[in-house]
Number of protein chains: 2
Amino acid sequence: MKNVIVGQSGGPTAVINSSLYGVVTAARACPDIDRVYGMRNGVEGFLKDHLVDLTSVSEEELEKLRITPGAYLGSCRYKLPQDETDPVYPRIFEQLESHDVAAFLYVGGNDSMDTVSKLSAYGEKIGSPIRFIGIPKTIDNDLVLTDHTPGFASAAKFVASTVREINRDASVYDRKTVTIIEIMGRNAGWLTATSALARRQKLDNPVLIYLPEVCFDSERFLSHVEEALTRRNNVTVCVSEGIHDEKGFLCERTGEMQVDNFGHKLMNGCGKYLENLVRNRLGIKARSVELNVTQRCSSAYLSATDWKEAAMAGSYGVKAAMAGESCCMVAFEREPEADYAIHCHTVPVSLVCNKEKTFPLEWITPEENDVTDDFARYALPLIQGEVSIPRKDGLPDFACLDDVTQRNN
Amino acid sequence: MKNVIVGQSGGPTAVINSSLYGVVTAARACPDIDRVYGMRNGVEGFLKDHLVDLTSVSEEELEKLRITPGAYLGSCRYKLPQDETDPVYPRIFEQLESHDVAAFLYVGGNDSMDTVSKLSAYGEKIGSPIRFIGIPKTIDNDLVLTDHTPGFASAAKFVASTVREINRDASVYDRKTVTIIEIMGRNAGWLTATSALARRQKLDNPVLIYLPEVCFDSERFLSHVEEALTRRNNVTVCVSEGIHDEKGFLCERTGEMQVDNFGHKLMNGCGKYLENLVRNRLGIKARSVELNVTQRCSSAYLSATDWKEAAMAGSYGVKAAMAGESCCMVAFEREPEADYAIHCHTVPVSLVCNKEKTFPLEWITPEENDVTDDFARYALPLIQGEVSIPRKDGLPDFACLDDVTQRNN
């Protein structure tokens, strides 16, 4: 009888705990597995031996954590050293062995897959039988070798719904206004692209969408906005936080304009920068909205498809480990049929880590200010289905391991 | 047979169209009313004779607009002149008479009640039989003579839920961080106070709450934050956009300011200001989140209580007008029993307009960094109950009169 350990790493998502749910339930159902441990705050916490035993967590708590956004176990941004002779490696393996760990599952994005890859490689080198499996997770949808990543679709559903709601808000006055909505995505425009789904018909807002995959040109942007304003009063523009021109990120431009009382640059988003640009150059009432962390932590618009797939990825990871797989990441492959369906398989984690799958250039329109219908066909199936969140006193009733721990301290 | 006209004015809310629904359904059910007209963009559109006939709007469209955020008819920020000899007054009454209007209902906040009050007063002066009724609407909850205002509770439910979600997101890393959440409310702290409902237990985040009713002291704020950081790693602070010290609004410190038609300062950024203050003075990782327009236009966290009460206020307004009332606003009175219940009555609109009901000082703690349990007892009943939003292709399916009009243009 052996044990399984699971960790969460990197930025949280709305369904990262659904993957945890998948891992825990699959491990508990497996007769060959004795205990399921959770690392508090990923590898960083594991190094301090901050573990939690999830083997006997109540069904009620499991159902609750399943709909809870943010990493239930806590997360970290810890990068293992490149140098394999670093003492951290034997230390980790010693600890894994002391806890009788047969399989190490890590839920995360590119950086977390780097951890899985490095531990796999070290384990192979020392002939360790421990299996290392990555469970994909990122709202950015930027992992290679998978059709999409758990977390993306719920963020997409939040973005598309919220942009549609902001369009309603921004269109109530009978005067020309420009609303800039800044969406997460430093190098990959996937999430910003989903704002196109907010349209209920052609020519609907957002009429302009800018992704970081192409070079942003402020003058061209202003002429696009002016042109759009000849067709409609209220213009919504969606931009990725990472849009940039040949001089660099636009968001870094705002620091040049504003300095606080301490002489420090005020770091504002590119949305704020463009809001000021529109107001000052076009003399049009402008507003910017930064969707900020809410787009990755809101449970309001969970996609049932995403939520189920996240759990599936977790449980598939356990089964793959028990079948002897290692050094891999669980990935989704879309069935070729017309109706949407996916299946899980594994891909070598060394081919995934530290790579970014950016938005396909062929899905960006020639004017570089919109995305094509091919993208909508790709994304629409992912955001289908609702998840009902239990409420207590009118508010979402979340699981919170942190509170339990803090009470015990 | 006479007609009724209804308009929406000021900032939109999530349930402003539920009030419109209440007006339309009550008017259609009333045998003495022939047609129900809607003003496009409030009085501003009415002056251009931009009307829409709502008498035969389909049940399907009515059900849809009922859950649609933002003003279905469009809104305006139009202030009637103080001078009663201004030609706009006879013009409005001429137009009302030409459309055989018996009752004028206006859904809005303080400024909109000013419109109702001025038209009532002018109508009385010229002996017009037309009745003028205000239907309260504001997320700010700052109208006097009513227990609360439609729109407040849904915004409150959004704020409390979202703050709870951001707390989840902000607490995943095992390092000291301060998260500042900026909430709407220029002069009244009601909405910011509802962030206290996000706590699931005492000492939970948000551990600090600052309202504009008391003078903000940056040094005292920093010492509160430092003290809180000794007790926990992740500190969430909720602030009203309108917090100020003796030198004025903090948001004006960031260098951004605009003025709207009423001479109100349009503000941005006290959260950003405090984020920089924490980072620079305490050397702590800090982030700020501005909830922005989403808090007033999201349909994700509609309060069923609010939603029903908004419709009730609209239909009560029609009944009051038909019973001969005028120069008044519909108001809510809470029943004295233990269980929550309200009833509608009317109050003189001249006593409501241009006044602000700020947050009671006795509900602010002596340290001026939190609210008391009395407030929770007041607010909790208002956010109860969920409203299911119909979806199409995975996204909320809203009604949109603007699109219809734009297609016709």
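Residues numbered from 1 in each chain as written. Chains lettered and ligands numbered in written order. Predicted model: local features only at pLDDT ≥ 70, side-chain atom pairs only at ≥ 80, totals over all residues. Heavy atoms only, no water.

Student: It is not clear to me how the overall build of chain A should be interpreted in this structure. Could you clarify?
Tutor: Per the secondary structure count, chain A includes 14 helices and 15 strands. Here the C-alpha coordinates of chain A stretch approximately 70 × 45 × 45 Å along the principal axes. Split into buried and exposed, the 409 residues of chain A put 65% on the buried side. For chain A, long-range pairs separated by at least 24 residues make up 76% of all intrachain contacts whose partners lie at least 6 apart in sequence. Surface exposure of chain A reaches about 14,900 Å², of which carbon and sulfur atoms provide 49%. Across chain A, the mean location of the 44 positive side-chain charges is 5 Å away from that of the 58 negative side-chain charges. (Helix = DSSP H or I, 4+ residues; strand = E, 2+ residues; numbered from the N terminus. Buried < 20%, exposed > 50% of the residue type's maximum accessible area, 1.4 Å probe, protein only. Contact = heavy atoms within 4.5 Å. Areas by Shrake-Rupley, 256 points an atom, 1.4 Å probe, with all protein chains shown as cover. Lys, Arg positive; Asp, Glu negative; His and termini not counted. Charge placed at Lys NZ, Arg CZ, Asp CG, Glu CD.)

Student: Hey, could you run me through the sheet that holds strand β6 (residues 177-183) of chain A in this one?
Tutor: Strands belonging to one sheet form pairs held by backbone hydrogen bonds; the direction of such a pair is parallel or antiparallel. Residues and elements named next belong to chain A. An order of β7-β8-β6-β11 is seen for the 4 strands of this open sheet, with the pairing classed as parallel. Of all the strands in the sheet, just β7 (208-210) and β11 (285-290) have a single pairing partner and so form its edges. In this sheet, adjacent strand axes meet at a mean angle of 15 degrees when their direction is disregarded. Two elements, β6 and β11, share 6 bridges in a ladder whose sense is parallel. Its bridge partner lying in β11, I180 is registered against S288. This element, helix α6 (residues 152-170), spans β6, β8 (234-240) and β11 of the sheet and lies at about 160 degrees to β6. (Pairing = 2+ DSSP bridges. Axes fitted to C-alpha atoms, helices over the stretch in contact; angles between N-to-C directions.)

Student: Quick question: what am I supposed to make of the packing of aromatic side chains here?
Tutor: Within a pair of aromatic rings, the relevant descriptors are the distance that separates the centres and the angle that separates the planes. In total, this model carries 38 aromatic pairs over all chains according to the counting rule given. On the basis of an interplanar angle of 75 degrees and a centroid distance of 5.6 Å, the ring pair of Y210 of chain A and F221 of chain A is categorised as edge-to-face. Of the two residues, Y210 of chain A is situated in strand β7 and F221 of chain A in helix α8 (residues 218-231); the sequence distance between them amounts to 11 residues. Note on Y210 of chain A: relative accessible area 5%, which makes it buried. Members of the aromatic cluster, joined through ring pairs, are Y89, F93, F104, Y106, Y122 and F132 of chain A. The ring of W307 of chain B carries R66 of chain B above its face, with NZ or CZ at 4.3 Å from the centroid. (Phe/Tyr/Trp six-rings, centres within 6.5 Å; stacked < 30°, edge-to-face > 60°. Lys NZ or Arg CZ within 6 Å of the ring centre and 35° of its normal.)

Student: Explain empty space enclosed by the protein to me, please; I cannot follow it from the model alone.
Tutor: Gaps between atoms show up when a probe of the same size as a water molecule is rolled over them. Summed over the entire model, instances satisfying the criterion amount to 7 cavities of 30 Å³ or more. In this structure, the second largest cavity spans a volume of roughly 90 Å³. For the lining of the second largest cavity, the elements supplying multiple residues, two or more each, are α6 and β11 of chain A together with α6 (152-170) and β13 (285-290) of chain B. When its residues are assigned to classes, the lining of the second largest cavity shows 6 nonpolar, 5 polar and 2 charged. (1 Å grid on protein atoms, 1.4 Å probe; cavity = no way out; pocket = protein on both sides within 12 Å on 5 of 7 lines; lining within 4 Å. Points joined across faces, edges and corners; volume = space filled by probe spheres on them. Nonpolar A, V, L, I, M, F, W, Y, C, P; charged D, E, K, R; others polar.)

Student: Even after reading the chapter, I still don't get the nonpolar core, so can you show me in this structure?
Tutor: One broad rule of soluble globular proteins: the nonpolar side chains tend to lie buried together. Ranked by size, the top nonpolar core spans 80 residues in total, and within it L191, F359 and F375 of chain A together with L191, F359 and F375 of chain B carry the most contacts. In contact with F359 of chain B, other than residues within four places in its own chain, are G189, W190, A193, L211, E213, I364, V371 and F375 of chain B. (Core = buried A, V, L, I, M, F, W, Y, C linked by side-chain atoms within 4.5 Å.)

Student: Looking at this structure, I do not really get the environment of R77 of chain B. What am I missing?
Tutor: Secondary-structure assignment places R77 of chain B in the loop between α3 (59-66) and α4 (88-98). Once the C-alpha coordinates of R77 of chain B and E44 of chain B are considered, the two residues, 33 residues apart in sequence, prove to be 8.1 Å apart. Within the structure, R77 of chain B has its side chain in polar contact with the side chain of Y173 of chain A (distance 3.1 Å). (Polar contact = N/O pair within 3.5 Å; in protein donor to acceptor, adjacent residues only side chain to side chain.)

Student: Would you mind showing me how to read the confidence of the model for chain A here?
Tutor: Low pLDDT marks stretches whose predicted atomic positions should not be read closely. All names here are of chain A. Of all residues in chain A, 94% attain a pLDDT of 70 or more, and the chain-wide mean is 93. Here residues 255-261 is modelled with pLDDT under 50, and outside its nearest four sequence neighbours on either side it reaches 16 contacts, counting other chains as well. For residues 404-409, every residue scores under 50 in pLDDT, and the model assigns this stretch 3 contacts once sequence neighbours within four places are set aside. Here the complex is predicted with pTM 0.95, and the ipTM for its interfaces comes to 0.95. (pLDDT = per-residue confidence, 0-100.)

Student: Looking at this structure, I do not really get helix α5 (residues 110-125) of chain B. What am I missing?
Tutor: For an α-helix the count is 3.6 residues per turn, leaving residues at separations of three or four pointing the same way. Residues and elements named next belong to chain B. Compared with an ideal rise of 1.5 Å per residue, which puts 16 residues at 22 Å, α5 spans 22 Å between its outermost C-alpha atoms and is within 8% of the ideal. Looking at α5, one finds that the buried residues are N110, S112, M113, D114, T115, V116, S117, K118, L119, S120, Y122 and G123. Contact partners of the buried residues in α5: α2 (42-47), α4, β4 (101-108), β5 (131-136) and β14 (328-334). Downstream of α5 by one or two residues, G127 has phi in the positive range, about 70 degrees. (Expected span 1.5 Å × (residues − 1).)

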